[in-house]
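The primary structure of each chain is shown beneath.
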2 protein chains.
Amino acid sequence: MPRTDSDLKHVDTHEAKWVYGFHLADCEGDGSMRDLLGGKGANLAQMSRLGLPVPPGFTVTTQACMSYHKQNGRFPSGLLEQVWRAVRKLEQQTQKQFGGSQQPLLLSVRSGAARSMPGMMDTVLNLGMNDRVCAALSVGSDHRRFALDAYRRLINMFGDVVMGIEHDAFEEHFDRIKTAHGALTDAELGEEGLIELLDAYKRIFASRTGKPFPQNPRVQLRHAIGAVLNSWNTPRAIAYREIHGITDLVGTAANVQTMVFGNLDPDSASGVGFTRNPATGENKLFGEYLRQAQGEDVVAGIRTPEPIGNLKKWKSRLYQELVRATRVLESHFRDMQDMEFTIEQGRLFVLQTRSGKRTAAAAVRIACDMVRHRLIDRREAVNRVDATQIMQLLLPSFDPSPGKEVLTCGLAASPGAATGKPAFTVDEALTRSNAGESIILVRSQTSADDVQGMHQASGVLTSTGGITSHAAVVARGWGKPCVVGAEQIHVEPARRRFTVNGRSVTWQDTISLDGASGEVMLGSVPMSAPGLSHHASTILNWADDCRTLGVRANADTPDDARRAREFGAEGIGLCRTEHMFFGEERIRAMQRMILAEDEKPRVAALDELLPFQREDFIGILSAMRGCPVTIRLLDPPLHEFLPTEADDQRELALELGISVAKLRRSIAQHHEANPMLGNRGCRLLITAPGVLEMQVRAIVEATIACRRKRIAARPQIMVPLVCHENELRLLRDQIERVVEQVPRALRFSGQLEIPIGTMIETPRAALTADRIARCADFFSFGTNDLTQMTLGISRDDVGSFMPLYLEKHVVDTDPFSSIDVQGVGQLIKTAVDLGRRRKPDIGIGICGEHGGEPNSIRFCQEAGVDYVSCSPFRVPVARLAAGHAAIAKDKERTSAK
Amino acid sequence: MPRTDSDLKHVDTHEAKWVYGFHLADCEGDGSMRDLLGGKGANLAQMSRLGLPVPPGFTVTTQACMSYHKQNGRFPSGLLEQVWRAVRKLEQQTQKQFGGSQQPLLLSVRSGAARSMPGMMDTVLNLGMNDRVCAALSVGSDHRRFALDAYRRLINMFGDVVMGIEHDAFEEHFDRIKTAHGALTDAELGEEGLIELLDAYKRIFASRTGKPFPQNPRVQLRHAIGAVLNSWNTPRAIAYREIHGITDLVGTAANVQTMVFGNLDPDSASGVGFTRNPATGENKLFGEYLRQAQGEDVVAGIRTPEPIGNLKKWKSRLYQELVRATRVLESHFRDMQDMEFTIEQGRLFVLQTRSGKRTAAAAVRIACDMVRHRLIDRREAVNRVDATQIMQLLLPSFDPSPGKEVLTCGLAASPGAATGKPAFTVDEALTRSNAGESIILVRSQTSADDVQGMHQASGVLTSTGGITSHAAVVARGWGKPCVVGAEQIHVEPARRRFTVNGRSVTWQDTISLDGASGEVMLGSVPMSAPGLSHHASTILNWADDCRTLGVRANADTPDDARRAREFGAEGIGLCRTEHMFFGEERIRAMQRMILAEDEKPRVAALDELLPFQREDFIGILSAMRGCPVTIRLLDPPLHEFLPTEADDQRELALELGISVAKLRRSIAQHHEANPMLGNRGCRLLITAPGVLEMQVRAIVEATIACRRKRIAARPQIMVPLVCHENELRLLRDQIERVVEQVPRALRFSGQLEIPIGTMIETPRAALTADRIARCADFFSFGTNDLTQMTLGISRDDVGSFMPLYLEKHVVDTDPFSSIDVQGVGQLIKTAVDLGRRRKPDIGIGICGEHGGEPNSIRFCQEAGVDYVSCSPFRVPVARLAAGHAAIAKDKERTSAK
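This text gives an overview of the structure that appears in the document.

Turning to the overall build of chain A, a few remarks are in order. When helices and strands are tallied, chain A shows 33 helices and 31 strands. Taken along the three principal axes of its C-alpha coordinates, chain A extends 105 × 70 × 55 Å. Per-residue burial over chain A gives 57% buried out of 897 residues. The long-range share in chain A, meaning contacts at least 24 apart out of those at least 6 apart in sequence, stands at 68%. Surface summary for chain A: the accessible area is close to 37,000 Å², and the carbon and sulfur share equals 48%. Within chain A, the 108 negative side-chain charges are centred at a point lying 5 Å from the centre of the 108 positive side-chain charges.

Residue and element names in this part refer to chain A. If you walk around this closed barrel you meet the 8 strands as β24-β25-β26-β27-β28-β29-β30-β31, and the pairing is parallel. With strand direction ignored, the average angle separating the axes of adjacent strands in the sheet is 30°. Note: strand β26 (residues 628–632) against strand β27 (residues 714–719), 5 bridges, orientation parallel. Counterpart to I631 in the pairing with β27 is I717. Contacting β28 (756–760), β29 (778–782) and β30 (843–847), helix α29 (residues 783–791) runs over the sheet at an angle of about 60° to β29.

A positive phi angle is found at R710(A), which is not glycine, with a value near 60°. Topologically, R710(A) is positioned in the loop between α25 (691–708) and β27. Phi angles above zero are rare outside glycine, and R374(B) is one such case at about 60°. Topologically, R374(B) is positioned in the loop between α13 (360–372) and α14 (378–384).

Here we come to the side chain of K480(B). Residue and element names in this part refer to chain B. The residue K480 is located in the loop between α17 (470–478) and β19 (482–484) in this model. The buried charged residue K480 lacks any salt bridge partner; its closest oppositely charged side chain belongs to D450, at an N-O distance of 14 Å. Apart from residues no more than four positions distant in its own chain, K480 is found in contact with S414, P415, M454, H455, A457, S458, G459 and A475.

Our next topic: the relation of the copies chain A and chain B. Once chain A is rotated about the relating axis by 179° and shifted along it by 0.0 Å, it coincides with chain B to within an RMSD of 0.3 Å. Taken together, the turn and the small shift mark the pair as related by a two-fold rotation axis. Identified as the residue of chain A closest to the rotation axis by C-alpha distance is N674(A), at 2.1 Å. Looking at chain A, 100% of its interface residues are interface residues in chain B too, so the copies touch through the same face.

Residues and elements named next belong to chain A. Within β30, 4 of the 5 residues are buried, which leaves the element mostly enclosed by the surrounding structure. Across 5 bridges, β29 lies against β30 in parallel orientation. Note on β30: the bridge partner recorded for F779 is I844. Note that β30 and strand β31 (residues 867–870) share 2 bridges and pair parallel. The residue of β31 that forms the bridge with I846 is V868. Traced from β30 through helix α32 (residues 854–863) to β31, the parallel crossover comes out right-handed.

Let's shift gears to the pairing of strand β22 (residues 519–522) of chain A. Regular strands show a simple pattern: their side chains alternate between the two faces of the sheet. All names here are of chain A. With 4 bridges connecting them, strand β12 (residues 405–409) and β22 associate as antiparallel partners. Within the sheet, the bridge partner assigned to T408 lies in β22 and is V520. Inspection of the sheet shows strand β21 (residues 511–514) paired to β22 by 3 bridges, in the antiparallel sense. What sits directly across from S512, in β22, is M521. Between β21 and β22, which pair antiparallel in sequence order, lie 4 residues; one of them, G518, sits at a positive phi of approximately 90°.

Attention now moves to the packing of aromatic side chains. To describe a pair of aromatic rings, one takes the distance between the centres and the angle between the planes. In the structure shown here, the tally under the stated rule is 28 aromatic pairs over all chains. Between Y289(B) and W314(B) the ring centres are 5.8 Å apart and the planes differ by 5°, which places this aromatic pair in the stacked class. With Y289(B) in strand β9 (residues 286–291) and W314(B) in helix α11 (residues 309–314), the pair connects residues that are 25 residues apart, well separated along the chain. Under the relative-accessibility criterion, Y289(B) is labelled buried at 0%. A relative accessible area of 21% places W314(B) in the partly exposed class. Among the aromatic residues, those joined into a cluster by ring pairs are Y151(A), F158(A), F205(A) and F213(A). Note that R496(A) overlies the ring of W507(A), its terminal NZ or CZ placed 4.1 Å from the centroid.

Quick look at the environment of N283(B) now. All names here are of chain B. Structurally, N283 is set in the loop between β8 (269–274) and β9. Residue class for N283 comes out partly exposed when judged on its relative accessible area of 32%. Those residues in contact with N283 that sit more than four places away from it in its chain are T275, R276, R327 and R365.

Rules used throughout
- Residues numbered from 1 in each chain as written.
- Chains lettered and ligands numbered in written order.
- Predicted model: local features only at pLDDT ≥ 70, side-chain atom pairs only at ≥ 80, totals over all residues.
- Heavy atoms only, no water.
- Helix = DSSP H or I, 4+ residues; strand = E, 2+ residues; numbered from the N terminus.
- Buried < 20%, exposed > 50% of the residue type's maximum accessible area, 1.4 Å probe, protein only.
- Contact = heavy atoms within 4.5 Å.
- Areas by Shrake-Rupley, 256 points an atom, 1.4 Å probe, with all protein chains shown as cover.
- Lys, Arg positive; Asp, Glu negative; His and termini not counted.
- Charge placed at Lys NZ, Arg CZ, Asp CG, Glu CD.
- Pairing = 2+ DSSP bridges.
- Axes fitted to C-alpha atoms, helices over the stretch in contact; angles between N-to-C directions.
- Salt bridge = Lys/Arg side-chain N within 4 Å of Asp/Glu carboxyl O.
- Least-squares fit on C-alpha atoms with pLDDT ≥ 70 in both.
- Right-handed = clockwise from strand over helix to strand, strands pointing away.
- Phe/Tyr/Trp six-rings, centres within 6.5 Å; stacked < 30°, edge-to-face > 60°.
- Lys NZ or Arg CZ within 6 Å of the ring centre and 35° of its normal.

Structure below.
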């Protein structure tokens, strides 16, 4: 806040342009001026320039903000003069007067930097209101309540945001007076109550600041602008910029804009409109509005708004005007827009527009449609679809089963199918879902407090609110099934139940939610496996045309392999063999092998396992015909195959004919203090006799069996956990020996070329990749283990500190979700460079969870990896993200030229 | 073996010099020609050149070996001619005839490359012996037995080494015939038995090779030379060179030398002499000999030899000749020599000389003496003492207690004091010492088979053998206490006891061994703490003058700190604080802190711990007055402080007033799958409230308390397990806050400069050391954890595969003993570079086991580390090794110029 006007006299004399106006007639900025006007200011200027009915106003520039801080909180020379000039211009255009009692001009002030940034001051509304204006407006009884309400809002916001009086100080009185007047909601409080409230607010203001609430509108405005500029340097804002490495912004802009009121009279309304349907992507104006209400009332979901179609009947001309506005906006922004509008005394105003959030289904449809209508090209269409979001398209949907019992039907707010038991509070949702229950969060409406519970729930159901309500927006963002405005439902949290049409559904009942139809059903309705829609396939095919990274899948069974192919995987990058030993018939043989004390029973057990392995491999190789299948030899420590429960131990001992005590001793011998860093991977293959031979034999025999059936089988053999070249050299010799012997034994004369490679998952392997490359035909980064070892963090034990690390911004993202570029990424780059230097044609991939995560995929593109491998369901994500990465790289290359 | 002589006709015609003779009169080589003549050949030439009585001979060069292999096993042109010429010269000089029956010349052939290398052929003796020679020698009955014995040895060695007949085939017959003739030892077998044996050996030779034993001495010699050259390319020799990266050698030389016989007649003897005392370093001829015996009999320890002093009486002239030889050798080689000599019919021959193995005490004394006599300079003296060996000087010795019961006194073969229970076989020694018993290996004599058992034992006691016997040499090499030739002892392995002077000592009794006096005592005699001798201190001070690396100690208690200073530590590089919580009064407070469910009991427990910590720090800081003390904040996971045994749990629950079940749940919550990678180190400091504050407060309060007592306290605070700069930033803030607050609270106005640094022990920390350096005043590499994470190997779980890895040469050394230079070393170098680039004056040390290991110290010197820190007992090792590293670096720099 600037001290006094007199302070301003001593600043530098060079007068710059600090203020850019936006009026229909005369607009000084445009959408390209984000750096100077901030995102919001540039957008308002652009809409104005496009001829849309934006309430006129002006923007104080980010340069002014910088100047203000350089001068230790003094307005730069000329700023205030330019502000008052701009205000006069608004008065002329609106035919209203700032501080005038006849046609009072009320203004809002909002901050807005070039990038969205939490921690800064947001909004002060209704500037220009004071005792005189309020009294004047109250003369006509039409607007009396409106004026009182606007005034108390101003004192509250100004006191809170500008003067730093905590919001609760006001809220306390509001609650007290509401109770005294028997009002349940804010809206129910009558004029007398509001007058009482105003007095209370003024008293709080005076006692907290030592001065009465400023009656001079100019003082109000000057202080509000100062508060916006100050908010750039709050500790929270500074911390945010530091943490996110934002160094290229000079300050925030302040946007001053004429207020319009959707709650002024019965001819007023507020609404939200999407230029296309955000759930399905249908190219048709979509939205809703509330008569005689402000914008926040629509979003809050307290009253259920009317669908936008009703506007056609109520105000046909305004409806047409709105449709025209959507066309203008879309053809300019070339994207689906989410706009806020207000109707004030029969006049339409567009307040804000931004790219609209949408479901994945809508995203792919809109992108395809826009290509067809030549609004965007294919690469742009690929870029328009969020890679993570596309996972939603693989959500299951309910079978069209005839027997399902539909309880009621609400608004289809976010597609997908969910089955679970109702929970009625966030705490309940958290506790029960953490305990493993599938939960449907059932609320009359939701707010920010409910977000955590919504996140844990399988689906969300509300009895009020529209498809732009809080619950709907949040659920769509996550791709979580959601039904809102199911008005027949009566929620009774205290009794842990809801009633619907006279029927009671408790927390112990199971319900099913269809977010695509809005249906709420009793019981568990069968779901069907997901597939890719036509639009999604189109986008993914376009992404395939763009990308240079290969996409493979991690799959251990023929079923997974088939699914991976359906989703577009070009091979299997990681086929784990350990899961194959857990089958009922197999685990016993495995256990006998592990516990064998000499050669004979060990060989017998291995011989028993061989045919199982061979059949597994035949199945997978057949499913992937023609595509490479990278088979990783046994990796986990042997104790994972031994029973830990006393009953299981007794059973096993009985079967092996040994005492339980002896079995326990054997098991104890296999115990390790840190199994992650113990005898597993290649260490096991070196120390446990016969395992490698059995597995390689099974692979070679399976390959030969396929070839004899004319199936093109392309196995690759991968050795896990190598940390020294000599480990790989030793095992490669053994593998090659078996690969040579088996065809001779089977009298197979065809060519068998089976590449032999290794995981790079210890830091040492990455650091010595040149040496390791001498014995490896390919590398595959096991980023899970590599992350564990590079950071020294066990993924299993991360729970006790990682949440706090994220909260305290020690790390920005969980390194097990997205590759830690600085540490693990550095090792990957080193290994790629060293490996390629030694062997230019070496194949390099990554497997592990990171293979399906968009930021990690972008990193892989930069690091020069050949392909990523991820779980089958993530394959579409990876295809799309790889497309994005290739497009981004192209852009960089182009801009570098 | 070359095929036939006719093969040799077709090789290249260029004739080079393949043979270098060494005779007193005419010596063609010298000690500098190791590459051409091999180590042994160059040494023989040099001794010859120095005028020592070396049995004459000649060396076939390494070039000849190379040529031989290039021509696929054909002797190079001219080689054999040169050999026959050289043999003729020997005949002339010795007045004997090769294959002659009157004065037969017998020859030996030995391999010898420029570097010692196992896996190659060793020796064939007595070449030139055949039926005719044997018969001629047998005429005089004096030499009959000698001749028969020499002949049977030739057939055995030639058959084994040249023709590849396994030694056992011969040995079997030897055993059979000895039994038949009632002979217990080889020496007891009479002439008749030997004749029988000779016949048997000839039959074996003929049946295995298809040809009779070659009677032509030239054929014998040609084949023996061929066998030596072939042995260069045995698979074992090739593997050895590959593994050790030996690529600069072209082949082995073959040394052909006149045989002399210490067992020829009563005027003959064999002996071993040291130019100085290898146990004490005293500058006096030291050694022993056996009359009418061969050299191997002296070493085998079957008969106890006479001390060298006896020679003075027996053959005074020869004794003087021997003393003269030692002077010549020492002044040439400028080092204490270990020489073998033979007296044949009253003539002295020096067979071999090499630098003598010595105890650490002898090494430091000899080095000091040689500097005083200007044989070497101080730097050379430093280099002469093995760094690891100096640990021996810190071995405890027995108190001079009056009550000790001396059982007997043997030869003081290797100094040091050991107490333990007798074990009589290697197996027993291994089993019992693995079970935790301290063992004294008691044998009549030892051989290569006993080495493993000797290694495991605390000390070695033998009833026969001299101070150059197998047991003595091996024990001295390891610095293990050893008493040999305790002839009053009668060992009875079958009864697991020995008797001495009518008294029986069983495996259950405890005995004490004084390797410095030779005393064997009953019971456990008290030992005194070690100190550094005058000579050792001198060498270490000279090393200090050479070295540039600092040496600090890892010490957690005032006692350790004092010991560290006594041994020359310049500070404490690692003071672990966790051990301070295990004291009886402390562990309960620690447990209450960990299990506290809210703030109050936690704070109370921390308050209780504070004074203990403060007193600990006062003690350590006082002990190290003036030297830096790096205090590491709490590192291990909290569950290490909680009881695992049911009884302890019950006791704790009772004390805390909670149920055992509840306590167990709490303990279970602290369980981690991989504690090494879990919530410990800085993670703990971030998540466990109050611990850091308590520890830092204790450090600051201790520092102030010291300063007030005018003790210069220099603490440094070290944060463990950092993997991200933000962790350190967060904790540094907290530490600085306490460091600021405490002095104010205590009204202390002096300057407190407490550097704050971090361990570098995760790969990520090393990779991002530039970022971390921003918040660190110093780095200390925790090479234990860094090795674990870089290699992905848990030190606790390494037992199941590391032995096999070493055996299979997957790795050459255990990476936990000596730094893995390729992997971990690379990270260290990276971190040093990155850290220094960001902050040139950042202090950099290493702590962890590697800090006291000579190879790792050499690496640290190269990597540019400032200091190493190791356990107090290792400090002298580190000082010396750091001296060596600095000298080596200087040499490199000089030779690079």
